[in-house]
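# What the coordinates show
Listed below are the residues making up each chain.
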Amino acid sequence: MRVPLSWLREYVDLPAGESGRDLADKLVRAGLEVETVEQLGGDLKGPLVVGKVLAIEELTGFKKPIRYCQVDVGDANGTGEPQNIVCGARNFAVGDKVVVVLPGAVLPGPFPISARQTYGHTSEGMICSARELGMGDEHDGIIVLPAEFTPGTDAIELLELVDEVLDIAVTADRGYCLSVRGVAREAAIAYDLPLSDPALLDVPPANSYGPLVKVEDPAGCDRFVARGVVGIEPTALSPLWLQRRIQKAGMRPISLAVDITNYVMLELGQPLHAYDRSRIDGAITVRRARAGEKLRTLDGVERTLDVEDLLICDNSGPIGLAGVMGGAGTEIATAVEDPETGRVSGTTEVVVEAAHFDPVAIARSVRRHKLPSEAAKRFERGVDPEAGKAAAQRAVDLLVLVAGGTAEAGVTDIAAPHPVHSITIAADHPDRVAGQEYGRETVVRRLQEVGCTVVGGDVLVVTPPSWRPDLTDPNDLAEEVIRLEGYAELPSTLPTPPAGKGLTEAQRLRRRTGLALAGAGYVEVLNYPFIGETVLDAFGLDADDPRRETVKLANPISDEEPSLRTTLLPGLLAALRRNVGRGATDVALFEQGLAFRVDGTDPGTLFKAPRLPVDRRPTDEEIAQLDAALPRQPRRVATVLAGNREPDGWWGKGRAATWADAVESARTVAAAAGVELTVRQDQHAPWHPGRCAALYVGETLVGHAGELHPRTVKALHLPERTCAMELDVELLTADGSGHVEGPRISGFPVATQDVALVVDAAVPAAEVESALRAGAGPLLESLRLFDVYTGEQIGADKKSLAYALRFRAPDRTLTADEASGAREAAIAEAVARTGASLRG
Amino acid sequence: MSAPNKSYDPVEVEALKPEEIERLRDEALAAFEAAADLAALQEAKVAHTGDRSPLSLANREIGALPPQAKKEAGQRVGQARGAVNKALAERRAVLEAERDARVLTEEAVDVTLPFDRAPRGARHPLTTLSERLGDIFTAMGYAVAEGPEVEAEWLNFDALNMGPDHPARSTQDTFFLKDATGHSTDGVVLRTHTSGVQIRSMLAASEPPIYVICPGRVFRSDELDATHTPVFSQIELLAVDEGLTMADLKGTLDHMVVSLFGEGMKTRLRPNYFPFTEPSAEMDMVCFNCRGESVGNPDRPCRTCSSEGWIELGGCGMVNPRVLIACGIDPNRYSGFAFGFGIERLLMFRHNVEDMRDIVEGDVRFTLPFGMEI
Ligand SMILES: [Zn+2]
């Protein structure tokens, strides 16, 4: 809502020196969000006067047509002689009244004006356009004033060019501040001054001979005021002062009748509609739409109506979408002059509608037809249902005053019974909400200031004014008191929560995981969870892979990425590619976050969340229904890496990142979680089929790691041999991390034995190791693979695995026989399980 | 080895004569002094203190002497051997120091060679800043609550006093969802704030007190630009207990900004409107950079607060009793307060980050300097 200070001062007698900024500060403290205070004509300086064009000489020979004009500016130039002015605009004729700026003046910008040589003449000033005067930029060409003004009249005052405009972002609860009246009320309270309420007008009582109106849906329309004005001069224009106020408030002057309805809406907050009475067929009827009905609205769009849409109709059908936008069929007609007869035709009779519609019905129509309007904005936020009569009267008065019309005596006012809504609060309720003592007297005074009727002692019965439909609950009243007493005055105290338990195990694990991976050289990224089909294709996923079953956005930011991620890898790989594209060579990234999975959910309940009531706690069953409507959202952790894991340096060559680093990153996560990870060979897209490790905790598959498939690498333009790991944190920790028993440290000496075994190349090292461990028995303290050999000495398709075994007993020094016995047992188990042979 | 011999006359034993003992001692001292390195000293040690050295041999003769002579000879030889051992130790210390000085000099390296062999990693500053906030409140006794990012509309809107026709609901730029086959979904959205977690916390608690903070990612269908991102991080706080007031809300906010930015920091509340709180407020904090001293002081402009002296932080208020009712909490007995703000903005002004895109794009050059904690 844009509020010109000059307009507001009409209703509140603010102190003379008070600036727009001063007022804004006070209003902000009272809870109005004043976004800007615009200074109109701040650097404007005269002389800027009305001129009458006496003569026009067309200059030729230039790139564009130029006029050399003589303009009568009265005595404003000190001589009374006509002013010679060169002008590039053409929308004026001899005899027109224009706005002339004389040498010595300064236009907004600031642009100082002086006499200057141009197009072979001396131009003593300028004929001004609206844009040059800071009046808005919608008009091309210069301003042509109504004929009645005298040359030499000061145009700064005439056009009200110097003003301040407060731009206020009105919150949803303060619909009344979408009017100068409402903001003036807040200003009056802030300054403790009386308000001259512009809605306090003499209004004739309703009678039976006003315009015919039938309200068939009183729930949707609980008030309908209609008035008629006849004998309007079709060519009458809005007076300058009215145009200027509308302009400053951010609306565009259109035609007299429309300008007047807009003006009254801005003034009182009551949206009005003006119909050309000659185009209405029968009674104006308010009802809901019927299936299939159509309406061409003022913006020229034909709209198919919904049965919930609230309509204004006549015998011909819908003539307006109630409270949202009028229909084209009953629009006020523009005055048209018949070139042959010279007769002017246009609207001469008007019906003014000032109604009150159900906010919900209006809001739904706006959403349904995507048709926000100034009227609908006000109805949605709540219009004063008592303002309609005054608003209609104000519009009638203006039509009579400036359009030469005659008000009809008939007054239609249809009102559904309106229950009086009172709120009962303890007089100290605001004190208890604020944590500060105001006292009953202050509470009552503040509530009365906002327009409430207050009765009672320790318990107050408060009846809010008609313009405050937002005041429904005790806390609404508390807020009124607290904001007017000042939020800045609130004391600062600390509550005392019960002792807390700190972070949960899952939260601590997330921190440990982040620290461990960052400590291992990975950089955390937080990617958008949006992915597209192409990346899943690049991953080579089967058609029935659950990762293809995505939750989709109805309104994605990008049509390329309309789905929610089912895996963290697409985002991480895109971030990897971005870093490489920006010149990085060795990149290791990680992310922890949610994936969105449909697999494992019940299609019978998925995406079918009930709409529960809010006047009670939902039952546990109802809460379960809400949860059952959601996809699975497992928390996952993933790493990607490319280039060198260790860089080249003065110490020698670096070490390229490999599948093993990806597996190692999984071990890092598992170590942070305190669980034992085992690895099995696997084939799983998008990993390289020969370099893909399945990660297990016990018998539970928790994720995969390894080198990416070369096709995926190519399709996604990744560095060669890019590696990745992803695992499900919840599966990883499903059994909880193992409880650690304090180890007994043996002080007896260690016995070390080496074993080299030859196995088929296809036998996984992990199997050989677990066989050795199983066979070696409890004396085995540790086991480490220290060499892998392939080559001629052992034959094709074979590999030799060399292990160092360390044996130790808790209670004695092992004999040589005991140590070799355990070694033999380990070998025997490996031979039995894996077909290994001892390397000679 | 000689056996004791009662008829043995010490005067007869040449090796135990005082002059002879002195001579042997002096020879040893001279030999040590002459040893040029540790190897030579070792040779001299064997020659003069070893089992077959003259002094050792002399020492062995003592046992055969009669008691009186034994004592005298013993003292003499003992003193001589003591002097020899002392000289040996001193000479060894000198020679070892010389050797060490030489060897350690030879082993010297250029320790300024770059050693960046193990790559450095880092955690994202949004993560660590969110944790930092979490720590402030867990220290006060709050729990950290979390919830799903795809959320039921009832939890994201309705329970928060934003019914289907509430004007505020349509201004949230909500991402709506479709199922895998492209059909629209019923009552499920990408959460627009973490307030659904507040509701879940209240539904889960059998009875207040409830003190939780709810950090998490939220989604609004804004285009990414220098100051907006469709996916951002939020932290919300909820306290429900008997007798909580706006003053408690203010005190909690003050405590938070002091914890984050240091002593002397404070907040300011301005009236505003949110459906889920009543009364509602916008919260500002004193500019931590200029502490408000740039206001009206054109010589010392402040970029952090545009010389306003205050920085807008987020929204807050007393939990609307209607929200409590929807969660089964008696508003006549309990009251609550809540606040929420975006962590990206906090990161931007706390660390002078100019472009939102740097936060979201995952460039390691942005994240690395933030290290492990913030
Ligand atoms: Zn500052």
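Here goes a summary of the coordinates provided. (Residues numbered from 1 in each chain as written. Chains lettered and ligands numbered in written order. Predicted model: local features only at pLDDT ≥ 70, side-chain atom pairs only at ≥ 80, totals over all residues. Heavy atoms only, no water.)

### A short note on the packing of aromatic side chains
Tallying each qualifying case throughout the model produces 18 aromatic pairs over all chains. Aromatic side chains Trp650 of chain A and Phe115 of chain B sit 6.1 Å apart centroid to centroid with 65 degrees between the ring planes, which places their arrangement in the edge-to-face category. One end of the pair, Trp650 of chain A, is in the loop between β36 (644-646) and β37 (655-656); the other, Phe115 of chain B, is in the loop between α4 (67-106) and α5 (125-140), on a second chain. Residue classification places Trp650 of chain A among the partly exposed positions, given a relative accessible area of 47%. With a relative accessible area of 57%, Phe115 of chain B lands in the exposed category. Feature note: the residues Phe137, Tyr142, Tyr211, Phe339 and Phe341 of chain B constitute an aromatic cluster, connected by ring pairs. The ring of Tyr191 of chain A has Lys26 of chain A sitting right over it, with the charged end atom 4.7 Å from the ring centre. Sitting above the plane of the Phe261 of chain B ring, Arg350 of chain B keeps its charged end 5.7 Å from the centroid. (Phe/Tyr/Trp six-rings, centres within 6.5 Å; stacked < 30°, edge-to-face > 60°. Helix = DSSP H or I, 4+ residues; strand = E, 2+ residues; numbered from the N terminus. Buried < 20%, exposed > 50% of the residue type's maximum accessible area, 1.4 Å probe, protein only. Lys NZ or Arg CZ within 6 Å of the ring centre and 35° of its normal.)

### Digging into empty space enclosed by the protein
Under the defined criterion, the tally for this structure stands at three cavities of 30 Å³ or more. In this structure, the largest cavity occupies an estimated 660 Å³ of space. Looking at the lining of the largest cavity, the elements with two or more residues in it are α13 (505-519) and β34 (587-594) of chain A together with α5, β5 (210-219), β6 (231-241), α10 (343-350) and α11 (356-360) of chain B. Examining the composition of the lining of the largest cavity, we find that five residues originate from one element, α5 of chain B, more than from any other. A per-class count over the lining of the largest cavity returns twelve nonpolar, nine polar and 13 charged. Considering only enclosed or pocket space, the second largest cavity measures out at about 100 Å³ in volume. Lining the second largest cavity are 13 residues; nearest its centre among them are Tyr176, Ser179, Leu268, Asp384 and Trp467 of chain A. It is helix α4 (residues 180-191) of chain A that provides the largest number of residues to the lining of the second largest cavity, a total of three residues. Here the residues of the lining of the second largest cavity are counted per class, giving four nonpolar, six polar and three charged. (1 Å grid on protein atoms, 1.4 Å probe; cavity = no way out; pocket = protein on both sides within 12 Å on 5 of 7 lines; lining within 4 Å. Points joined across faces, edges and corners; volume = space filled by probe spheres on them. Nonpolar A, V, L, I, M, F, W, Y, C, P; charged D, E, K, R; others polar.)

### Quick notes on the coordination of the zinc ion
All names here are of chain B. The coordination sphere of the zinc ion, as far as protein atoms go, consists of Cys287 (SG), Cys290 (SG), Cys302 (SG) and Cys305 (SG), spread over 2.2 to 2.3 Å. Bound by four donor atoms, the zinc ion shows angles of 107 to 114 degrees at the metal and therefore tetrahedral coordination geometry. All donors of the zinc ion come from a single chain, and their spacing in sequence reads C-x2-C-x11-C-x2-C. Remark: Cys305 occurs in the loop between β8 (277-286) and β9 (310-319) and Cys287 occurs in the loop between β8 and β9; sequence separation between them is 18 residues. With relative accessibility at 5%, the residue Cys305 sits in the buried group. (Donors = N, O, S within 2.8 Å, 3.2 Å for Na, K, Ca; no water. Tetrahedral: all angles 85-135°; square planar, octahedral: opposite > 155°, others 65-115°.)

### Some thoughts on the pattern of salt bridges
It is possible for side chains bearing opposite charge to pair when their charged atoms get close. For the coordinates displayed, the defined rule picks out 88 salt bridges over all chains. A salt bridge links Arg806 of chain A to Glu781 of chain A; the nearest nitrogen and oxygen atoms lie 3.7 Å apart. Placement of the pair is Arg806 of chain A in strand β44 (residues 798-807) and Glu781 of chain A in strand β43 (residues 780-789), with a sequence separation of 25 residues. Of the residues examined, Arg806 of chain A reaches a relative accessible area of 32% and is grouped as partly exposed. Arg268 of chain B serves as the salt-bridge partner of Asp284 of chain B, at 2.7 Å between the closest nitrogen and oxygen. You can see Asp284 of chain B sitting in strand β8 and its partner Arg268 of chain B sitting in strand β7 (residues 267-274), a full 16 residues away along the chain. Several salt bridges converge on common partners, so that one network encompasses Arg174, Glu186, Arg468, Asp470, Glu479, Glu480 and Arg483 of chain A. (Salt bridge = Lys/Arg side-chain N within 4 Å of Asp/Glu carboxyl O.)

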